[in-house]
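Listed here are the chains, written in short residue letters.
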Amino acid sequence: MPDLPTILEQGLATLQTCWILVIFLFAPFAYMVLSHWPRSKSVGRSETGSHAPEYSKFDTTNIRVAKIFIHPIKSCKGTSVPEAKYTLEGLENDRRWCIVRADNNAVVTARDVSKMILIEPRIIPESSSQEGGRLEVSFPKESGCEPFSVPLNPTPATVQNWQNINITLWGKNDVEGYVCETSIGRSPSEILSQYMGLPVHLAVKGPRLRICPPTARFPNLDAPSYFQDGYPIMLLSEESVAAVQERIRGMVGVQGVDEKWSNETLQVERFRPNIVIKGAGAPFFEDVLTEFTVDSHRESVDEASPIIQLVSKCTRCMLPNVHPETGVRDKAVPLKVLMKHRRGLDPKRPSQSCMGCNGVLTADGVVKVGDWIHMRKMGFV
């Protein structure tokens, strides 16, 4: 009769043989299951709300600045410029002014009064002037409102005679401003109130810093801004606008998209960007561009220009539905199209649609049309 050690040795050998048979028999099944198991993909999300497009779709070596826009008065007509200086607060003179209600100093936008978008502010530099020039404001001829101008950079002596107010923007009553005045003719408040159909003032941003709200990637964000909705700059690509244009064509006759959109062009100006880029070869490159520099060099040069960081998607409201040349609000385009194809991209506001990305600046600099975009980091904006 075999002794105990022999029995144990034989039993172990038998058990090992059984495990080998089990592994051999089930290996094909395990391989089939694992091969179909969902794999992790690139961080970020695409236009359909799924994972981000493959980075290989984008040509990161051929991207340039196509257009630059400044909007001196918030929600009024923008101006295309060949170049712009910038500071931490944004492009020079971009959204330094806003229109506020006279009764509570809350900012009024074209979301409330769509014809605001036809008010045309122009920067008139005067190097010999102590105030650097003037902001000239004009209106459509049929409005009956005369143009007026205010100092571009009012001196301390000038603003001493202007009313200092706390302005409410997005529910926060903490933006310092001054009610602009003129020395001749009717006041800006009188003229603007006539045009707007309600008592309002023109206000210029005061020196107290307005800090941007934090984002998921930048919980301690301390970047300053003027009267932008949230952040100093907004970046958008021509390819993204073209992609939305195609989506609009495909929705003609659906959800109120008018037949005219079979041929009408979607202007990039509707989205009120600061920097428009082109050359990535595919739409929504800005969705995955998290850090870049921009300068005149074809190849990246260290410290040639400050780093720009994209910190959040730009969520959209009804404002892009307002035609920038007529002030007429479309009932569907582009918001309904964006809600169908560009919703769920901002983790903080998944119910809203997105188009373009918000950025912060890390130092003063200059950007020019034709400058090259040098990608430093990609990821989820």
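A few points on the structure.

Cut-offs applied
- Residues numbered from 1 in each chain as written.
- Predicted model: local features only at pLDDT ≥ 70, side-chain atom pairs only at ≥ 80, totals over all residues.
- Heavy atoms only, no water.
- Helix = DSSP H or I, 4+ residues; strand = E, 2+ residues; numbered from the N terminus.
- Buried < 20%, exposed > 50% of the residue type's maximum accessible area, 1.4 Å probe, protein only.
- Contact = heavy atoms within 4.5 Å.
- Phe/Tyr/Trp six-rings, centres within 6.5 Å; stacked < 30°, edge-to-face > 60°.
- Lys NZ or Arg CZ within 6 Å of the ring centre and 35° of its normal.
- 1 Å grid on protein atoms, 1.4 Å probe; cavity = no way out; pocket = protein on both sides within 12 Å on 5 of 7 lines; lining within 4 Å.
- Points joined across faces, edges and corners; volume = space filled by probe spheres on them.
- Nonpolar A, V, L, I, M, F, W, Y, C, P; charged D, E, K, R; others polar.
- Core = buried A, V, L, I, M, F, W, Y, C linked by side-chain atoms within 4.5 Å.

### Observations concerning the overall build of the protein chain
Then step 1. Counting secondary structure elements, the protein chain contains five helices and 21 strands.
Then step 2. Per-residue burial over the protein chain gives 50% buried out of 381 residues.
Then step 3. Restricting the contact set of the protein chain to residue pairs at least 6 apart, pairs at least 24 apart contribute 68%.

### A few points about helix H3 (residues 188-196)
Then step 1. When you tally the buried positions in H3, you get seven out of nine residues, the bulk of the element.
Then step 2. Within the sequence span of H3, burial applies to Pro188, Ser189, Ile191, Leu192, Ser193, Tyr195 and Met196.
Then step 3. Buried residues belonging to H3 abut strand E5 (97-101), strand E6 (107-108), strand E9 (148-151), strand E11 (172-179) and strand E12 (200-205).
Then step 4. Just beyond H3, the residue with positive phi is Gly197, at close to 80°.

### Quick word on the packing of aromatic side chains
Two measures describe an aromatic ring pair: the distance that separates the ring centres and the angle between the ring planes.
Then step 1. Inspection of every chain in the model, using the stated rule, returns three aromatic pairs.
Then step 2. Taken together, a centroid distance of 6.3 Å and an interplanar angle of 40° make the contact between Phe139 and Phe148 tilted.
Then step 3. According to the relative accessible area criterion, Phe139 is buried, its value standing at 10%.
Then step 4. Its relative accessible area of 6% is what places Phe148 among the buried residues.
Then step 5. Put simply, the rings of Phe139, Phe148 and Tyr195 touch in pairs and so form one group of aromatic residues.
Then step 6. The positively charged end of Lys115 is found above the aromatic ring belonging to Tyr195, 4.6 Å away from the centroid.

### Thoughts on the layout of surface pockets
Rolled over the atoms, a probe sized like a water molecule indicates the empty space that remains.
Then step 1. Here the largest pocket defines a volume of roughly 1,000 Å³.
Then step 2. Lining the largest pocket we find 47 residues, and of these Trp170, Asp229, Gly230, Tyr231 and Asn358 sit closest to its centre.
Then step 3. Looking at the lining of the largest pocket, the elements with two or more residues in it are E11, strand E13 (210-211), strand E15 (233-237) and strand E18 (308-315).
Then step 4. Per-element tally for the lining of the largest pocket: the top contributor is E18, with five residues.
Then step 5. Within the lining of the largest pocket, the residues separate by chemical class into 22 nonpolar, 10 polar and 15 charged.
Then step 6. What the second largest pocket holds in volume is close to 360 Å³.
Then step 7. Surrounding the second largest pocket, 16 residues form its lining, Ala84, Lys85, Glu92, Asn93 and Ile123 being those nearest its centre.
Then step 8. Mapped onto the lining of the second largest pocket, the elements with two or more residues apiece are strand E3 (83-87) and strand E7 (120-125).
Then step 9. Along the lines of polarity and charge, the residues of the lining of the second largest pocket split into eight nonpolar, four polar and four charged.

### A short note on the environment of Val381
Then step 1. Here Val381 shows up in the segment after strand E21 (372-378).
Then step 2. It is 9.5 Å that separates the C-alpha atoms of Val381 and Glu291, two residues lying 90 residues apart in sequence.

### Some remarks on the nonpolar core
Then step 1. Ranked by size, the top nonpolar core spans 32 residues in total, and within it Trp97, Ile99, Ile119, Phe139, Met196 and Leu202 carry the most contacts.
Then step 2. Of all the secondary structure elements, the ones that give two or more residues to this core are E5, strand E8 (133-138), E9, H3 and E12.
Then step 3. It is H3 that contributes the most residues to this core, four residues altogether.
Then step 4. In contact with Ile99, other than residues within four places in its own chain, are Ile73, Cys76, Ala106, Val107, Val108, Met116, Ile119, Leu192, Met196, Val200, His201 and Leu202.
Then step 5. By size, the runner-up hydrophobic cluster in this structure holds 27 residues, among which are Val81, Ile275, Ile373 and Val381.

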